Amino acid sequence: QFCRMNPQRSYGPDVISRIEADTRGEGERLNRLILREVEAGIKKMLGQLQDQTVVIAIAGNTTMQHLFLGFSTRSLGEYPFQPVDLSRKEFDLCGVPTVFLPGISAFVGADIVAGIYALRMCQASKEKKATLLIDLGTN
């Protein structure tokens, strides 16, 4: 079982609450909370995957991406809603090669990019096939 709750929920149930907490100076704590939880899940998984090659891909909405990577979310909560950085990031997490997928905008994050890739929507478009991705977000 690798399902884990996000400990940032103590700051509120949605991204607006977390942006407000970050703006009040809680960003470093929010970063530590999510990083520690993700690392715990990875360590548990690695303990069950002996002698297998592992690569990790992480995706999240733009606010979660910023909090995970330690970026300020202040600009996501104020007009013109500009992200700090949405680019693909590569690093090691728990000694495992890890990719944080890129986002698209302040309101279209790497979670949507992951869905687009998973459904092969770009390929479907070229083949003139209809596909639909529905994101039921928190706000």
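Since the model is a prediction, treat every value here as computed from it, not as a measurement.

Q: Which residues make up the overall build of the protein, and what are the values?
A: A count of helices and strands for the protein gives four helices and three strands. Ordered by position in the sequence, the α and β elements of the protein form the string α-β-α-β-β-α-α. Taken along the three principal axes of its C-alpha coordinates, the protein extends 45 × 40 × 25 Å. The proportion of buried residues among the 139 residues of the protein is 35%. Long-range pairs, those at least 24 residues apart, make up 52% of the contacts in the protein with a sequence separation of at least 6. Summed over all atoms, the accessible surface of the protein reaches about 8,900 Å², with 54% contributed by carbon and sulfur. On the protein, the mean spot of the 16 positive side-chain charges and the mean spot of the 15 negative ones are 4 Å from each other.

Q: Give me the lowdown on the pairing of strand β2 (residues 89–93), citing residues and values where you can.
A: Here β2 runs beside strand β3 (residues 96–100); their pairing, made up of five bridges, is antiparallel. Note on β3: the bridge partner recorded for K89 is F100. In this antiparallel pair of consecutive strands, β2 and β3, the connection spans two residues, and C94 shows a positive phi of 60°.

Q: Explain a nonpolar patch on the surface to me, and be specific about the residues and the numbers.
A: Taken together, the side chains of Y79, F81 and F107 present a nonpolar region at the surface, about 420 Å² in accessible area. With respect to the helices and strands, Y79 occurs in the loop between α2 (62–69) and β2.

Q: Help me get a handle on the nonpolar core, residues and values and all.
A: With 19 residues, the main nonpolar core has I56, I58 and F68 as its most contacted residues. The set of elements that each furnish at least two residues to this core consists of α1 (15–48), β1 (56–58), α2 and β3. No other element matches α1, which puts six residues into this core. Apart from residues no more than four positions distant in its own chain, I58 is found in contact with F68, L93, T98, V99, F100 and L101.

Q: Kindly report on the side chain of N31, identifying the contributing residues and their values.
A: Summarising the element assignment, N31 is placed in helix α1. Those residues in contact with N31, other than ones at most four positions away along the chain, are Q8, L67, F68, L69 and G70.

Q: Lay out the sheet that holds β1 with the relevant residues and their values.
A: Spatially, β1-β3-β2 is the arrangement adopted by the three strands of the open sheet, whose pairing is mixed. Here the strands that pair on one side only, and so sit at the sheet edges, are β1 and β2. The sheet shows a mean angle of 30° between the axes of neighbouring strands, taken without regard to direction.

Q: Residues and numbers for the packing of aromatic side chains, please.
A: Per the counting criterion, the structure on display carries four aromatic pairs. Joined through ring pairs, the aromatic side chains of F68, F91 and F100 make up one cluster.

Q: I'd like a description of the pattern of salt bridges, backed by residues and values.
A: Within the structure shown, the criterion is met by four salt bridges. When the shortest N-O distance is used, the salt bridge between E28 and R32 registers 3.2 Å. Linking E28 with R32, this pair stays in helix α1, spanning four residues, or about one helical turn. Assessed through its relative accessible area of 61%, E28 is described here as exposed. What makes R32 partly exposed here is its relative accessible area of 41%. As a salt-bridge pair, E90 and R88 come within 2.9 Å of each other at their nearest N and O atoms.

Cut-off values and rules
- Residues numbered from 1 in each chain as written.
- Predicted model: local features only at pLDDT ≥ 70, side-chain atom pairs only at ≥ 80, totals over all residues.
- Heavy atoms only, no water.
- Helix = DSSP H or I, 4+ residues; strand = E, 2+ residues; numbered from the N terminus.
- Buried < 20%, exposed > 50% of the residue type's maximum accessible area, 1.4 Å probe, protein only.
- Contact = heavy atoms within 4.5 Å.
- Areas by Shrake-Rupley, 256 points an atom, 1.4 Å probe, with all protein chains shown as cover.
- Lys, Arg positive; Asp, Glu negative; His and termini not counted.
- Charge placed at Lys NZ, Arg CZ, Asp CG, Glu CD.
- Pairing = 2+ DSSP bridges.
- Patch = residues over 30% accessible without salt bridge, like charges linked within 9 Å, V, L, I, M, F, W, Y side chains within 5 Å.
- Salt bridge = Lys/Arg side-chain N within 4 Å of Asp/Glu carboxyl O.
- Core = buried A, V, L, I, M, F, W, Y, C linked by side-chain atoms within 4.5 Å.
- Axes fitted to C-alpha atoms, helices over the stretch in contact; angles between N-to-C directions.
- Phe/Tyr/Trp six-rings, centres within 6.5 Å; stacked < 30°, edge-to-face > 60°.

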